[in-house]
Amino acid sequence: MAKSHGGRAMFGSKFGVIAAAVGSAVGLGNIWRFPYEAGTHGGGAFLLCYIIAILVLGIPTICAEYALGRAGRANIFGTYRKFSNSNRWNWAGCLGILASIMILSFYSVVAGWTLEYFFRSISNSFAGMTAEDYHSEFVSFSTSNWRPLLCTLLFLGINYAVMRRGVTAGIERISKLLMPILFVILIVFCINSLMMDKAQEGLAFLFRPDFTQITPSVMLSALGQAFFSLSIGLGCMMIYGSYIKADANLTKMATVTVALDTLVAILAGVVIFPAVFTFGFSPAAGPALVFEVLPAIFNQLPGGVIWSALFFLLLFVASLTSTISMSEDFIAYCTEERGMSRRSATNLNLGIAVVLGSLCTISFGCLNDFKIFGLTIFELFDYVASNILLPIGGIAVTIFAGWIVKKSVMKQQLGVSGIVFKPLMICLRYIAPISILLVFLRSIGII
Ligand code: PHE
């Protein structure tokens, strides 16, 4: 990217921007988190809530983030300050930065698992195992003391190395190359899963909603998943918006980002659920789900070792393009607001992530009994960031874009005609903030 605009980096090409934004959005959220959230929250019921959340709340919010980011050309704090002419919105910036750190910490644990599974794949260590073996292998690995910790630290080290090279040289190049490959591979796996014995059952679980399962907590989880998956509510897309050139059409970009992200999540579901039923796994296995089911799928494919190695490698890269955006959120704040050098900001980001990421990692092992509100540290970070901080961040950004920023600025940024602009603004002003608030309050039992 690296073209300067008033001293700020810019993405070089339109494809580069889309690749980076999609790179941030597509990651473990789609391939690891979506299937297990869907699996524990009733399959089709969850998918339905998720799609509604994406359409009604996701698209307007991502449009708002891109528009605010490009108009403000600053980090989350700077953007809120610029358009409110005050520090009154600093709290929203704080929530965003806090969320980016919390997500980076627990996300790196799972990204570390992808590294471990990549190494295991190339050493062909899954050969000849049964469904139970995959389960016990995963449990014994994730609860052990050192290996998962080393994997988390290795992942954070790689993330650090990319961040040190600056926003774009790293981000744009990696995303452009690898995102399309991930997509093709997922389609191949989908076809394979569709030919499995219990494909019908898996598809029915994912696509046929049981309406009795739609509860406030399922709705909140779907909302949290939508925000998590689209990387919105914490300033990441604002930052990427600030690196987009003036002539790019933001509404189109937002729609493409949302469409590709949702497609990848659904494809991941189509890969996983037929296999879950065919091999006799439980759809409600939680965070372990894909790490148990995927090796089983690879094992029955011809050339399984290669597929498996390739897939975990791509999953690792997809995680990296996501953590890069979380780190960038934090680093842009430190350099632009706190006057730190990029180098010190990157070091600080790494330091915090190492401490918190290690705690999240060992919360599967020796800290497994240490619970806060009944949740392990890993679960707590995930719950607080996805189901509390991101929705509140979403309320903030939609209210801000709908009520505080001048309409003319939004209109100019979004570059759409009245028929699209009006409903979009209605969503930003009323529908999005009110419905996020209602879901949120209802699920925590306040209303
Ligand atoms: N959207 C990413 C994913 O689906 C995760 C993410 C969350 C990235 C928040 C940046 C910010 O994996």
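For clarity, every value in this text was computed on a predicted model and none was experimentally measured. (Residues numbered from 1 in each chain as written. Predicted model: local features only at pLDDT ≥ 70, side-chain atom pairs only at ≥ 80, totals over all residues. Heavy atoms only, no water.)

**Section: the overall build of the protein chain**
Where we set the bar: Put simply, DSSP marks the helices as runs of H or I at least four residues long and the strands as runs of E at least two long, and each gets a number from the N terminus on. As a reference, a globule follows 2.2 Å times the number of residues to the power 0.38, and the radius of gyration itself is taken over C-alpha atoms. Values of accessible area rely on a 1.4 Å probe in the Shrake-Rupley scheme; residue burial ignores everything except the protein chains shown. In summary, the charge assignment counts Lys and Arg as positive and Asp and Glu as negative, without counting His or the chain termini. By convention, charge coordinates are those of NZ in Lys, CZ in Arg, CG in Asp, or CD in Glu.
Scanning the protein chain from N- to C-terminus turns up 18 helices and 0 strands. For 447 residues, the compact-globule formula gives about 22 Å, and the C-alpha radius of gyration of the protein chain, at 21 Å, lands near that figure. The C-alpha extent of the protein chain, read off along each of the three principal axes, is 60 × 50 × 40 Å. Carbon and sulfur atoms form 67% of the exposed surface of the protein chain, whose accessible area is close to 16600 Å². Counting 29 positive and 20 negative side-chain charges, the protein chain places the averaged centre of each group 18 Å from the other.

**A word on helix H12 (residues 250-279)**
Heads up, the condition is: One less than the number of residues in a helix, times 1.5 Å, gives the span that helix is expected to have. The cut-offs for exposure are 20% and 50% of the maximum accessible area for each residue type, with area from a 1.4 Å probe on protein chains only; residues under the lower value are buried, those over the upper are exposed, and the others partly exposed. A 3.5 Å cut-off defines polar contacts: any pair of N or O atoms within that distance qualifies, except that in protein one atom must be a possible hydrogen donor and the other a possible acceptor, and neighbouring residues in sequence count only when both atoms are side-chain atoms.
Taking 1.5 Å per residue, 30 residues should reach 44 Å; H12 reaches 43 Å between its end C-alpha atoms and fits that length. When you tally the buried positions in H12, you get 21 out of 30 residues, the bulk of the element. Of the residues that open H12, the one with a side-chain oxygen 3.0 Å from the backbone nitrogen of Thr-251 is Asn-249. Immediately beyond the C-terminal end of H12, within one or two residues, lies Gly-280, with a positive phi of roughly 80 degrees.

**Considering the packing of helix H2 (residues 28-40) against helix H16 (residues 377-404)**
Basically, it comes down to this: In this analysis an axis means a line fitted to C-alpha atoms, helices contributing only their contacting stretch, and an angle means the value between N-to-C directions, from 0 to 180 degrees. Relative orientations are named as follows: roughly parallel for angles under 35 degrees, roughly antiparallel for angles over 145 degrees, roughly perpendicular for angles from 65 to 115 degrees, and oblique for any other angle. Residue contacts follow a heavy-atom distance rule, with two residues in contact if any of their heavy atoms lie within 4.5 Å. For this scheme, ten residues count as nonpolar: Ala, Val, Leu, Ile, Met, Phe, Trp, Tyr, Cys and Pro. Four count as charged, namely Asp, Glu, Lys and Arg, and the remainder, Gly too, count as polar.
Look at H2 against H16: their axes get within 15 Å of each other, and the N-to-C directions meet at 90 degrees. Our classification of the angle between H2 and H16 gives roughly perpendicular. The residues of H16 that touch H2, namely those facing Trp-32, Arg-33 and Tyr-36, are Phe-378, Asp-382, Ser-386 and Asn-387. Here the residues of the contact of H2 with H16 sort into 3 nonpolar, 2 polar and 2 charged.

**A short note on a nonpolar patch on the surface**
As a reminder, the rule being used: Think of a patch as exposed residues, more than 30% relative accessible area, with no salt bridge, where like charges cluster within 9 Å and nonpolar side chains (Val, Leu, Ile, Met, Phe, Trp, Tyr) cluster within 5 Å. Should a side-chain nitrogen of Lys or Arg be within 4 Å of a carboxyl oxygen of Asp or Glu, the pair is scored as a salt bridge.
A cluster of nonpolar residues, Tyr-383, Trp-403, Ile-404, Ile-426, Tyr-430, Ile-431, Ile-434, Leu-438, Ile-444, Ile-446 and Ile-447, forms a patch on the protein surface that exposes about 1000 Å² of accessible area. Breaking the nonpolar patch down by element, the ones donating at least two residues are H16 and helix H18 (418-443). Per-element accounting of the nonpolar patch gives the leading share, 5 residues, to H18. Positionally, Ile-426 belongs in helix H18.

**A short note on the site of the ligand**
Where we set the bar: What makes a residue near a molecule or strand is one non-hydrogen atom of that residue sitting within 4 Å of it.
Residues in contact with the ligand amount to 16 residues; listed here are only the nearest, Ala-25, Gly-29, Tyr-107, Phe-228 and Ser-229. Between an oxygen atom of the ligand and a main-chain N or O atom of Ala-25, the distance comes to 2.7 Å. Leu-28 is positioned such that a nitrogen or oxygen atom in its backbone is 3.2 Å from an oxygen atom of the ligand. Alone, the ligand offers 330 Å² of accessible surface; in the complex the protein occludes 100% of this. Among the elements of the structure, helix H1 (14-25), H2, helix H5 (90-122), helix H10 (216-230) and helix H14 (304-337) are those that each provide at least two residues to the shell around the ligand. Across the shell around the ligand, the residue classes break down as 8 nonpolar, 8 polar and no charged.

**A closer look at unusual backbone geometry**
A positive phi angle is found at Asn-85, which is not glycine, with a value near 55 degrees. Its location among the elements puts Asn-85 in the loop between helix H4 (76-84) and H5. Exposure remark for Asn-85: the relative accessible area of 71% places this residue in the exposed category.

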